[in-house]
Amino acid sequence: MASNEPTELSKAEKSVIEQESGSDFEEENEDWDDWGEDDDNEDGESDKPFVCLFSDSQFSSCCELFEHCRLIHKFDFDVIRKELGLDFYGSFKLINYVRSQVAENRCWSCGLACQSHQDLQNHLHETVKLKDIKPLWDDEKYLKPVMQDDPLLYSFNDDEEGEDNHMTPDDQEELVRYLRNIDEMCIEDTDTLKKSAHGYGFLEQNGAKEVASSSSSHENVGNSSKMEMLNGDSEELVGSSNGKPSDKHSKASIMNLLDKDIKKANENYFGAYSSFGIHREMISDKVRMSAYSQAILKNPSLMTGAVVMDVGCGTGILSLFAAKTGASRVIAIEASEKMASVATQIAKENGLWRCTEGNNQYTGVMEVVQGMVEEIDKSIQIEPHSVDVLLSEWMGYCLLYETMLSSVLFARDKWLKPGGAILPDTASIYAAGFGRGGTSIPFWEEVYGFNMSCVGKELVQDAAKFPIVDVVDEKDLVTDAVLLQAFDLTTMKPDEVDFTASIELEPKSIRLANKSTELSSETTWCYGVVLWFDTGFTPRFCKETTSLLSTSPYTPKTHWSQTIFTFNEPIAMAPGKPCADKSTAVGTDACPASRIHLRISIARAVEHRSIDISIETSGVDLDGRKRCWPVQMFNLS
């Protein structure tokens, strides 16, 4: 990761800039040394945040900023520099050129003028022919900073030491072609690997190699501290000093390392589901069981005579429901060897096992296949597009943790008949702001007559770094609930599992006796955002009886609870209260926000079966004044 310390321009760099731009530029920038020195704090670190090239998002380092630009805005600064061979001042010009174009709502790569900043955000795209557009910023005017005191201009070059060991773009393209030829990997969705292969960059830092992956152009801002570290001491990623793999063995070593990590993650994941305790917890979840049993048992027209596939069957409870309702064949798939054996035994003991091999003839309808759904072709032949109903309870915390949805979509695309049913067929993620009662502060304020609030405050600070899975009481929500993202499981594509969405949170409306509402001038404090999900069994397939599984704070609790993300600092909100002091920041008691704007990205993380979540937060007051907070990045693993 690049250092946060601002560095002075080298004499050679200044000399080149002066020769390029003439005496006028020299006079305007003769105080650049002071610029760097004045911004140093006592620790030698910059006080100024790094502002995104395309939005108001702020970061604590240029490394995080460029990672954000790569993942969210499709602007890969490092790749552009390397592919075009940009030196210091060429890169300097590029940054100022991009900022100048964004200020005019113009696409930096194709030049399209957009109607608004939001239109520009939606338009941004990857650039194919970089060499064709290089002349656009090869102009001396871009040696003058577009943004005053832009710390990015004196920090982007901090991590150039050791850059000779980076893989070149050609080497990365060669690796991508190699990755795409690997067919037999223990991964839940090989299509995902192929699509994300382009995002694997091999960056040398402090003697270690980092593998950074992106499975979609909408992928979340990756936290480099969470990137998967491949230790160069144990197995070499590169075969020569210039970073180029020396032979096929080097590439195979890379793939072996990745393969081992994925296999280990899968083993841990399915190993955890070998515990009976987790299955008891799921079966004891009345909300979960009621939703699924109602959808299966109370829709006989859907199940009678149907071929049913259950992905991730566990004990086989959903498969048993399907068999009981009249399915002609139930294919229960379970990756855990132990649980596949248990499900088989349960089916036998309930007279539902189907087996015609050997002397023991079982005439039931249920068969259990042990293995990951992507690999069951090795042990059973199922005719493509022959399944009538696809069942699965795939949801994890925050809906997408465990990334099992990719496996369900794989099964859908391979075996489900055209027009076949998938249960559940919809899924939605919701968000709401929570107040002080949703934190640990109240508990520690009075402990057997003693004030221990210092503990609560420290816990809230720590909570701003990590997501928390816990139950939030509806009375602790301080904003109305908002839909963050909706999925239609019948049509969604695998890469849509990764997404970015923008929402606005507004304080809860006051309900009056005459059933009208009014804006409150009372200030409330929003400490963060809580996410939950619903899955639906809609009339599209469940024609007799529909069903809904909700993990909302407004409904009975489930084993999923809710997922809590705490802000770095609480934000004051009051929709009907004007700002008393325009000199104070938005989101304070003197100038509360009327609404909070959130831009949330959720994506599959580098660590297999984990997800990354980034949250960009801004507050807007009644007069339209806006304040942005630094982006927060979380990893749920």
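Refer to the preceding data block for the structure.
As the structure is a computational prediction, the values presented were derived from the model and not from experiment.

**Quick look at the state of the cysteines**
Under the criterion given, the structure shown has one disulfide. Across a sulfur-sulfur distance of 2.4 Å, Cys579 and Cys591 are joined as a disulfide pair. On the S-S bond that ties Cys579 to Cys591, the torsion sits near -125°, and the link is left-handed. On the criterion of sequence distance, the pair formed by Cys579 in the loop between β21 (562-573) and β22 (595-604) and Cys591 in the loop between β21 and β22 is long-range, its members being 12 residues apart. For the pair Cys579 and Cys591, a shared accessibility class is recorded, and that class is buried.

**Things to note about the environment of Lys557**
Following the sequence through the fold, Lys557 ends up in the loop between β20 (547-550) and β21. Sequence spacing of Lys557 and Val287 is 270 residues, and the spatial spacing of their C-alpha atoms is 7.8 Å. Leaving out residues up to four positions away in the same chain, Lys557 has contacts with Val287 and Val471.

**Remarks on the nonpolar core**
Among the nonpolar cores identified, the biggest contains 98 residues, and Leu400 and Ile602 are the most heavily contacted of them. Discounting residues that sit within four places of it in the chain, Leu400 has contacts with Leu405, Ile429, Phe487, Val497, Phe499, Ile602 and Ile611.

**Comments concerning the pairing of strand β6 (residues 307-311)**
The buried fraction of β6 amounts to five of the five residues, a majority that puts the element mostly inside the structure. Neither face of β6 is exposed, since Val307, Met309 and Val311 on one face and Val308 and Asp310 on the opposite face are all buried. Inspection of the sheet shows β6 paired to strand β7 (residues 329-334) by five bridges, in the parallel sense. When the bridges of β7 are listed, Asp310 appears paired with Ala332. Taken together, β6, helix α14 (residues 317-325) and β7 form a β-α-β motif whose crossover is right-handed. Across four bridges, β6 lies against strand β11 (residues 387-392) in parallel orientation. Looking at the pairing, Asp310 lines up with Leu391 of β11.

**A few points about unusual backbone geometry**
Most peptide bonds take the trans form, and the phi angle of most residues other than glycine is negative. In this structure, the amide linkage connecting Leu423 to the following residue, Pro424, adopts the cis form with an omega of -5°. Inspection of the secondary structure assignment puts Pro424 in the loop between β12 (416-423) and β13 (426-434). A positive phi angle, near 60°, is found at Lys74, a position not held by glycine.

Analysis parameters
Residues numbered from 1 in each chain as written. Predicted model: local features only at pLDDT ≥ 70, side-chain atom pairs only at ≥ 80, totals over all residues. Heavy atoms only, no water. Disulfide = S-S within 2.5 Å. Helix = DSSP H or I, 4+ residues; strand = E, 2+ residues; numbered from the N terminus. Buried < 20%, exposed > 50% of the residue type's maximum accessible area, 1.4 Å probe, protein only. Contact = heavy atoms within 4.5 Å. Core = buried A, V, L, I, M, F, W, Y, C linked by side-chain atoms within 4.5 Å. Pairing = 2+ DSSP bridges. Right-handed = clockwise from strand over helix to strand, strands pointing away.

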